[in-house]
Amino acid sequence: MDEKHAENEKQKQARLTHVAAPEGVAPGTGYSQVVSGTGRLIAVSGQISVDEKGELVGEGDAGAQARQVFENLSRCLAAAGASFDDVVKLTFYVTDVAHLPAVRVARDAYVDVERPPASTAVQVAALFRPELLLEVEAWALVP
């Protein structure tokens, strides 16, 4: 890691405060209970597992779908001048909570697991296309 990148990382960490477990609240597994900070708010719409041509990636495979979803989120964040270091909240919509371990593996390849964003996971009856297993939205703060 070069000096400039290291300094940028320190500034981002100083700008965002992660609280794993506020007093009287049990810690979560793999997420922060609270993330606060200052900056420009970025909302990224729920991303699904389609490639740049709109083709489904990973039919029937929650891990493959999750990897594509996180790649799409990464590209959307970059378009707004942000990265996963700036993400303060992720919301996961899954058609089966049994998909969450695969989703967490994909997530952990993108987020700082020592300072994870706040998160919510919801099991839904269906998404807008029957072959989709998950959708993930992100909120970020950038200086």
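The structure we're discussing is the one just above.
Please read these numbers as outputs of a predicted model, since none were measured by experiment.

Student: I tried to follow the packing of helix α2 (residues 62-79) against helix α3 (residues 100-108) on my own but got confused; where do I start?
Tutor: Between two packed helices, both the angle of their axes relative to each other and the distance between the axes serve to describe the pair. Remark: α2 packs on α3, axes separated minimally by 8 Å, with the N-to-C direction vectors making an angle of 35 degrees. By crossing handedness, the relation of α2 to α3 is classed as right-handed. Residues Ala62, Gly63, Ala66, Arg67 and Phe70 of α2 pack against Ala102, Val103, Ala106 and Arg107 of α3.

Student: What is the right way to look at the pattern of salt bridges in this model?
Tutor: Working definition: two side chains of opposite charge can pair if their charged atoms are close together. Using the criterion set out here, one finds 5 salt bridges in the structure. Put simply, Asp86 and Arg15 hold a salt bridge, and the shortest N to O gap is 2.9 Å. Note that Asp86 is positioned in the loop between α2 and β4 (87-94) and Arg15 in helix α1 (residues 3-15), a separation of 71 residues in sequence. Here Asp86 and Arg15 have matching classes, each one buried. The closest approach of N and O atoms between Arg75 and Glu52, which form a salt bridge, is 3.9 Å. Taken together, the residues Arg75 in helix α2 and Glu52 in the loop between β3 (40-47) and α2 connect sequence positions 23 residues apart. On the accessibility criterion, Glu52 (66% relative accessible area) is exposed. Residues joined by salt bridges that share partners form a network here, namely Glu52, Glu71 and Arg75.

Student: Would you mind going over the packing of aromatic side chains with me for this structure?
Tutor: Any pair of aromatic rings gets described here by the distance separating the centres and the angle formed by the planes. Enumeration over the complete set of coordinates arrives at 4 aromatic pairs. Members of the aromatic cluster, each reached through a chain of ring pairs, are Phe70, Phe84, Phe92 and Tyr110.

Student: What is the right way to read the nonpolar core from this model?
Tutor: For soluble globular proteins, the rule of thumb is that nonpolar side chains tend to be buried together. Phe70, Leu73, Leu90, Leu134 and Val136 are the most contacted members of the largest nonpolar core, which totals 24 residues. At the level of elements, β3, α2, β4, α3 and β6 (134-142) are the ones that each hand at least two residues to this core. Apart from residues no more than four positions distant in its own chain, Leu134 is found in contact with Gln47, Ile48, Ala62, Gln65, Ala66, Val69, Tyr93, Val94, Val103 and Leu127.

Student: Sorry, what's going on with the sheet that holds β4 here?
Tutor: Sheets are built from strands paired through backbone hydrogen bonds, the pairs being either parallel or antiparallel. Taking strand neighbours across the sheet as the criterion, the 4 strands line up as β3-β6-β4-β5 in an open arrangement whose pairing is mixed. Each having just a single partner strand, β3 and β5 (118-123) make up the two edges of the open sheet. Each strand axis lies, on average, 10 degrees off the axis of its neighbour in the sheet, ignoring direction. Pairing of β4 with β5 involves 6 bridges; the strand directions are parallel. Residue Tyr93 lies in a different strand from β5, and its bridge partner there is Val122. Of the strands in this sheet, β4, β5 and β6 touch α3, which is tilted by about 150 degrees from β4.

Analysis parameters
- Residues numbered from 1 in each chain as written.
- Predicted model: local features only at pLDDT ≥ 70, side-chain atom pairs only at ≥ 80, totals over all residues.
- Heavy atoms only, no water.
- Axes fitted to C-alpha atoms, helices over the stretch in contact; angles between N-to-C directions.
- Helix = DSSP H or I, 4+ residues; strand = E, 2+ residues; numbered from the N terminus.
- Left-handed = near helix turned anticlockwise from the far one by under 90°.
- Contact = heavy atoms within 4.5 Å.
- Salt bridge = Lys/Arg side-chain N within 4 Å of Asp/Glu carboxyl O.
- Buried < 20%, exposed > 50% of the residue type's maximum accessible area, 1.4 Å probe, protein only.
- Phe/Tyr/Trp six-rings, centres within 6.5 Å; stacked < 30°, edge-to-face > 60°.
- Core = buried A, V, L, I, M, F, W, Y, C linked by side-chain atoms within 4.5 Å.
- Pairing = 2+ DSSP bridges.

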